[in-house]
Amino acid sequence: MQKNTIHKLTEYLKRREKKHIIVDFDETLGLIHASWDVWKKELREKLKRIDGELIAKYESGSTILLLNDFVARYGSLARGIILPYIDYYESNFIEKISINNELVYFLKENNSQYNYYIWSSNMGTTIRKFLKANRLNQFFKKIISRDVVTLTKPHPEGFSHIFNPDKHRHKDFLLVGDSLFDEMAARSVGVDYCKLKFSG
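Residues numbered from 1 in each chain as written. Predicted model: local features only at pLDDT ≥ 70, side-chain atom pairs only at ≥ 80, totals over all residues. Heavy atoms only, no water.

S.K.: Please provide a residue-by-residue account of the overall build of the chain, values included.
M.R.: Tallying secondary structure elements over the chain gives eight helices and seven strands in all. Taken against the 2.2 N^0.38 rule, which gives 16 Å for 200 residues, the C-alpha radius of gyration of the chain at 17 Å falls within 12% of a compact globule. Counting only C-alpha atoms and orienting by the principal axes, one finds that the chain spans roughly 50 × 35 × 30 Å. By the burial criterion, 48% of the 200 residues in the chain qualify as buried. Considering only contacts in the chain between residues 6 or more positions apart, those separated by 24 or more positions represent 69%. Here the chain carries 32 positive and 25 negative side-chain charges, and the mean point of each set is 4 Å from the other. (Helix = DSSP H or I, 4+ residues; strand = E, 2+ residues; numbered from the N terminus. Rg over C-alpha atoms; globule rule 2.2 N^0.38 Å. Buried < 20%, exposed > 50% of the residue type's maximum accessible area, 1.4 Å probe, protein only. Contact = heavy atoms within 4.5 Å. Lys, Arg positive; Asp, Glu negative; His and termini not counted. Charge placed at Lys NZ, Arg CZ, Asp CG, Glu CD.)

S.K.: Explain the pairing of strand S2 (residues 30-33) to me, and be specific about the residues and the numbers.
M.R.: Covered by surrounding structure in S2 are Gly30 and Ile32 only, the residues Leu31 and His33 on the alternate face being uncovered. One ladder, built from four bridges, connects S2 with strand S3 (residues 96-99); its direction is antiparallel. Across the sheet, residue Ile32 finds its bridge partner in S3, namely Ile97. (Pairing = 2+ DSSP bridges.)

S.K.: Now, about the packing of helix H2 (residues 36-47) against helix H5 (residues 76-92): what can you tell me, with residues and values included?
M.R.: Put simply, H2 and H5 touch, their axes get as near as 11 Å, and they point 155° apart. The pairing of H2 with H5 is recorded here as roughly antiparallel in orientation. You can see that H2 and H5 cross each other, and the crossing is right-handed. Residue-level inspection shows Trp36, Val38, Trp39, Glu42, Leu43, Lys46 and Leu47 of H2 in contact with H5, the latter providing Ile81, Ile82, Tyr85, Ile86, Tyr89 and Glu90. When its residues are assigned to classes, the contact of H2 with H5 shows ten nonpolar, no polar and three charged. (Axes fitted to C-alpha atoms, helices over the stretch in contact; angles between N-to-C directions. Parallel < 35°, antiparallel > 145°, perpendicular 65-115°, else oblique. Left-handed = near helix turned anticlockwise from the far one by under 90°. Nonpolar A, V, L, I, M, F, W, Y, C, P; charged D, E, K, R; others polar.)

Here's what the structure looks like:
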């Protein structure tokens, strides 16, 4: 990761007091090396069996939004196709996951100041395997992965698994991610957002 990028986060936190930092996984904390075009194509082929017209509607659109739309319309029928396939693909076809060393250094150095969480569209098994391999398990209070939620970012559902209205304040949270969907999710739940793109 470029130093000026991590500098952006540290400067942000100097100006705004936070207690909780939510981190995206792929392209933020780590970088998954996999053939996502194959992933998208095979998922779309499987979902055609349920609703070919909906697939056509998203022909040139976001696969993430497509999956959310399928789950919203078809519930457990869609999840019964989507989750096993994604788990299979991430378990067998990820070449490697690069670690964002500068972000990890920041998290370790500031562990006493913040509570850390992961909110990701990847599977929990993928994330936990990465954390274990890099000895990071103990730093994160909760992992909100694809298999935990019904709808993934930019839908705000994942935040409800972290936020306790009896204990927490929205202004104490910061979501750190790399994508428009991360930013949209942060805005939809009323928490601050800091863009931090993996680049190393």
